[in-house]
Amino acid sequence: MEDSVIWSNVYDNTVINYQDLLGILENQNKLVSACGNQISDEAFVRRFLILGTTGSTCYASEKELTMHAANKLCEIIEKGSGLILLRELIKVSLADRAPKKNPTFFALALCARYKVRDLTSKSMVSPRVNKNEKSNKNDSTEVNAKYRQFAQPMDVAYQKALQQLALRAVPKVCRISTHLFMFLKYCKLISGETGMKVNSKGWGRALRATISNW
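The name that an unreviewed UniProt entry assigns to the chain is TROVE domain-containing protein, with the source organism given as Loa loa. According to the UniProt record, the Subcellular location (unreviewed entry) comment for the chain reads "Cytoplasm". A UniProt comment under Sequence similarities (unreviewed entry) is attached to the chain, and it reads "Belongs to the Ro 60 kDa family."

J.: Account for the environment of glutamate 42, with residues named and values stated.
T.: Looking at the secondary structure, you find glutamate 42 in helix H3 (residues 38–51). Leaving out residues up to four positions away in the same chain, glutamate 42 has contacts with Ile84 and Arg87. Among the polar contacts made by the side chain of glutamate 42, one reaches the side chain of arginine 87 at a distance of 2.9 Å.

J.: With reference to specific residues and values, describe the pattern of salt bridges.
T.: Applying the stated criterion across every chain yields a total of eight salt bridges. Salt-bridge contacts for arginine 87 lead to glutamate 42; the nearest nitrogen and oxygen are separated by 2.9 Å. Linking arginine 87 in helix H5 (residues 82–95) with glutamate 42 in helix H3, this pair joins segments that are 45 residues apart in sequence. Like arginine 87, the residue glutamate 42 is buried in the burial classification. Residue glutamate 88 pairs with arginine 46 through a salt bridge whose shortest N-O separation is 3.1 Å.

J.: Break down the packing of aromatic side chains for me, with residues and values.
T.: Within this structure, the stated rule accounts for two aromatic pairs. Ring centres 5.1 Å apart and planes at 75 degrees place the aromatic pair phenylalanine 106 and tyrosine 186 in the edge-to-face group. Taken together, the residues phenylalanine 106 in helix H6 (residues 102–113) and tyrosine 186 in helix H9 (residues 177–194) connect sequence positions 80 residues apart. Side by side, phenylalanine 106 and tyrosine 186 carry an identical accessibility label, which is buried. Three or more aromatic residues joined by ring pairs form one cluster here, namely Phe48, Phe106 and Tyr186.

Reading guide: rules and limits
- Residues numbered from 1 in each chain as written.
- Predicted model: local features only at pLDDT ≥ 70, side-chain atom pairs only at ≥ 80, totals over all residues.
- Heavy atoms only, no water.
- UniProt positions renumbered as here; feature names shortened; annotations may be inferred.
- Helix = DSSP H or I, 4+ residues; strand = E, 2+ residues; numbered from the N terminus.
- Contact = heavy atoms within 4.5 Å.
- Polar contact = N/O pair within 3.5 Å; in protein donor to acceptor, adjacent residues only side chain to side chain.
- Salt bridge = Lys/Arg side-chain N within 4 Å of Asp/Glu carboxyl O.
- Buried < 20%, exposed > 50% of the residue type's maximum accessible area, 1.4 Å probe, protein only.
- Phe/Tyr/Trp six-rings, centres within 6.5 Å; stacked < 30°, edge-to-face > 60°.

Spelled out as structure tokens, the structure:
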């Protein structure tokens, strides 16, 4: 299946200008492909999606996916080849090539939430305050969120394009509620371990909108 057909099947009915976003990812990917190692990255991604393993051993029973097991996938996104991961997971999902679906949902969550920039801290209001009363400064305490400092931050336009396209692909990849819940589980894991805010749940406006439109 040609790439243009894949993108059309997934994004034609969405409100985003997906061609511009794909252009950003393709430009970033060209910079990486000029340095070589493109084929091995594609082969690695396919192996992970279809066999569910990043090592040389394929397990008959399902193995829990963790960020440690996905270091190579993170490297692929970091260096600007997120388009490869997104394209291959959509191909595998639409063709129903993977006997186990969890690696596909994990890869989609990785594209959508890896190093997510969740910068809004929440405020907690004391339960002793009456609803009809105005709370003063002493009645509420702000939770001081801790933020990570990324040594090598990704290009912002590239990161946003990858995350938007991944979230827009959720209805096509997560076709039943069980799939959606598994995707959300991985979103929470990835956001908590890699997001800009430490222990982030990943529930930003974009993800909430994705779930409400599912």
